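Topology and contacts: notes
Each chain, written out:
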Amino acid sequence: MSTDYKFEGWMGLDPSSAEGNMVWKEYEPKPWEETDVDIRITHSGICGTDLHTLRSGWMPSPYPVVVGHEIVGVAVRVGSQAEGDIKVGDIVGVGAQSDSCQSRDGPCDACESGSENYCPRFVQTYASKHRNGAPAYGGYGLYHRSPSHFVIKIPDGLAPEMAAPMLCGGVTVYSPLKHFGAGPGKKVGVVGVGGLGHFAVLFAKALGAEVVGISRKNNKRQDALDLGCSDYIATDDDEDWAQKNKGRFDLIIGTAASDKMPMADYVGLLAFDGTMVQVGMPEGPIPTPLIPLVLGRRKLAGSLIGSPQEIREMFQLAADKNVQPWIEKRPMKDANQAIIDMEDGKPRFRYVLVN
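These numbers were taken from a predicted model, which means no experiment stands behind them.

The subject of this paragraph is the overall build of the protein. Each helix and strand counted, the protein has ten helices and 19 strands in total. Relative to the compact-globule value of 20 Å for 355 residues, the protein shows a C-alpha radius of gyration of 20 Å, a close match. A total of 355 residues make up the protein; the buried ones form 56% of that total. Approximately 15,000 Å² of the protein is accessible, and the part contributed by carbon and sulfur atoms is 50%. Counting 36 positive and 44 negative side-chain charges, the protein places the centres of these two groups 3 Å from one another.

In structure tokens form, the structure reads like this:
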């Protein structure tokens, strides 16, 4: 069945595309399956992963690529076997995952437990291949086709421009906050008050925890307090910050992606039996701080995006608690300049491309 719309978007052809050199091209989406949903994209968040992928920062990228995995829009075609009670006209979203083994091949342990984001056959929304072998293209464009299991309806009370950056940035921190017990009576530190970190502050507060922002410079102190932090630590500017805050936190969410992070000092901020969860992924290695882990029976963990069910829970919490991420809308036609500005650290704190 042909459609009366074309799949077109901003395509990266080589690592220079991260310097604002993406080109607008038509491309062929994955072959239609009756479990799929086509989405007319209205909003597409810009994520740091987009830049890493465009420049082959973590690994060589499978050019050509169309990045963008914080996709919100209108369902315009819904397969006869689609999941989730999705109807044409619904406002829906797709995050960083497009498919997993699910139950069709016999479920893996992760999929069976509802943690599809840890499936060994994880299919990324872009720079990956679908189960039928077709390239996966993301959301810097006009339309997107996705397996319906990973298409999430946006609840009433949550604006689409707010929902878009939650589909990766938001759930990347919501998932470990919920899993590791952020809530009333808990003290949570957030390393890196930026695109990911500001979501960690907002969701930790929404879950009832006390939150402290941790960043290098004092220039983000007021932002952190305005977001809801009770205190702020500037590691470059506050004298003896590591010693003064030793053992302070039950949980730390690490969102910074630098290979120069003082990890041993961060772990030392944990209370006995505390946990640091790292979600930011540097392009280079960082040392593992064994001594402070051993001395406090502390834990250093990682976490990867979130499952479809966690996204639904996060969306409902955001709607119920009126969680308002700090976003700036940019026209889709200006995507090249927007990724340059993103790399330069200009957004406070997320850009959302708008058709």
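This paragraph deals with the domain arrangement of the protein. Each assigned domain of the protein is listed here: domain 1 (8–168 + 325–354) and domain 2 (170–302). Summarising the inter-unit geometry, the C-alpha centres of domain 1 and domain 2 are found 28 Å apart. Counting from both sides, the interface comprises 13 residues of domain 1 and, opposite them, 18 residues of domain 2. Looking at the side of domain 1 facing domain 2, the largest losses of area belong to Trp58, Trp326 and Phe349, adding up to 41% of the total buried there. If you look at where domain 1 meets domain 2, you find two salt bridges. Measuring nitrogen to oxygen at the nearest pair gives 3.5 Å for the salt bridge that ties Asp223 to Arg348. At the junction of domain 1 with domain 2, the criterion picks out eleven residue pairs in polar contact (both at pLDDT 80 or more). Of all the elements, helix 3 (residues 160–179) adds the most residues to the side of domain 1 that touches domain 2, at four residues. Classifying every residue of the side of domain 1 that touches domain 2 gives eight nonpolar, two polar and three charged.

Read from one edge to the other, the open sheet built from six strands follows the order 14-13-12-15-16-17, with strand pairing classed as parallel. The sheet terminates laterally at strand 14 (231–234) and strand 17 (299–302), the two strands that pair on one side only. For this sheet the average axis-to-axis angle between neighbouring strands, irrespective of direction, equals 20 degrees. Strands in contact with helix 3 are strand 12 (187–191), strand 15 (249–254) and strand 16 (270–278); relative to strand 15, the strand with the most contacts, it is inclined by about 160 degrees. Each of strand 12, strand 13 (210–215) and strand 15 touches helix 4 (residues 195–206); the most contacted strand, strand 12, lies at about 165 degrees to it.

Moving on: the environment of Met342. Its location among the elements puts Met342 in helix 10 (residues 335–343). Taking C-alpha positions, Met342 is 8.7 Å from Cys47, a pair spaced 295 residues apart along the chain.

Core analysis: the largest hydrophobic core is formed by 49 residues, its most contacted members being Met166, Leu177, Phe203 and Phe315. Looking at this core, the elements that each hand over two or more residues are helix 3, strand 12, helix 4, helix 5 (221–227), strand 14, strand 15 and helix 9 (308–321). Ranked by the residues each element gives to this core, the list is headed by helix 3, at ten residues. When residues of this core are sorted by domain, at least three fall in each of domain 1 (8–168 + 325–354) and domain 2 (170–302). Apart from the residues within four sequence positions on either side, Phe315 is in contact with Ile152, Lys153, Ile154, Pro155, Leu158, Ala163, Met166 and Leu167.

With that out of the way, let us pick up the side chain of Asp223. Looking at the secondary structure, you find Asp223 in helix 5. For Asp223, a relative accessible area of 17% gives the class buried. What Asp223 contacts, discounting residues up to four positions off in sequence, is Trp326, Arg348 and Phe349.

Okay, the pattern of salt bridges next. Across all of its chains, the model carries 20 salt bridges by this definition. For Asp85, the salt bridge is made with Lys87, and the minimal N-O distance between the two is 2.8 Å. For Asp85, a relative accessible area of 53% corresponds to the exposed category. What emerges from the salt-bridge pattern is a single network uniting Lys30, Glu33 and Asp36.

This next bit is on a nonpolar patch on the surface. Residues Trp58, Met59 and Met281 make up a contiguous nonpolar surface patch of roughly 320 Å² in combined accessible area. With respect to the helices, strands and loops of the structure, Met281 is situated in the loop between strand 16 and helix 8 (290–295).

With that out of the way, let us pick up helix 9. Over its 14 residues, helix 9 extends 20 Å from the first C-alpha to the last, a length consistent with the 20 Å expected when each residue adds 1.5 Å. Three or more residues of helix 9 are buried, namely Pro308, Glu310, Ile311, Met314, Phe315, Leu317, Ala318 and Ala319. Residues of helix 9 that are buried make contact with strand 11 (151–153), helix 3 and helix 4. One or two steps after helix 9, the chain reaches Asn322, where phi turns positive at roughly 55 degrees.

So, about the environment of Gln124. Within the secondary structure, Gln124 is located in strand 7 (residues 123–124). Note on Gln124: relative accessible area 38%, which makes it partly exposed. Non-local contacts of Gln124, meaning those with residues more than four positions away in its chain, are made with Ala96, Ser98 and Ala136. A polar contact of 3.3 Å, which involves the side chain of Gln124, links it to the backbone oxygen of Ala127.

Calculation criteria
Residues numbered from 1 in each chain as written. Predicted model: local features only at pLDDT ≥ 70, side-chain atom pairs only at ≥ 80, totals over all residues. Heavy atoms only, no water. Helix = DSSP H or I, 4+ residues; strand = E, 2+ residues; numbered from the N terminus. Rg over C-alpha atoms; globule rule 2.2 N^0.38 Å. Buried < 20%, exposed > 50% of the residue type's maximum accessible area, 1.4 Å probe, protein only. Areas by Shrake-Rupley, 256 points an atom, 1.4 Å probe, with all protein chains shown as cover. Lys, Arg positive; Asp, Glu negative; His and termini not counted. Charge placed at Lys NZ, Arg CZ, Asp CG, Glu CD. Domains from an automatic or database assignment. Contact = heavy atoms within 4.5 Å. Buried area = accessible area lost by both parts, 1.4 Å probe. Salt bridge = Lys/Arg side-chain N within 4 Å of Asp/Glu carboxyl O. Polar contact = N/O pair within 3.5 Å; in protein donor to acceptor, adjacent residues only side chain to side chain. Nonpolar A, V, L, I, M, F, W, Y, C, P; charged D, E, K, R; others polar. Pairing = 2+ DSSP bridges. Axes fitted to C-alpha atoms, helices over the stretch in contact; angles between N-to-C directions. Core = buried A, V, L, I, M, F, W, Y, C linked by side-chain atoms within 4.5 Å. Patch = residues over 30% accessible without salt bridge, like charges linked within 9 Å, V, L, I, M, F, W, Y side chains within 5 Å. Expected span 1.5 Å × (residues − 1).

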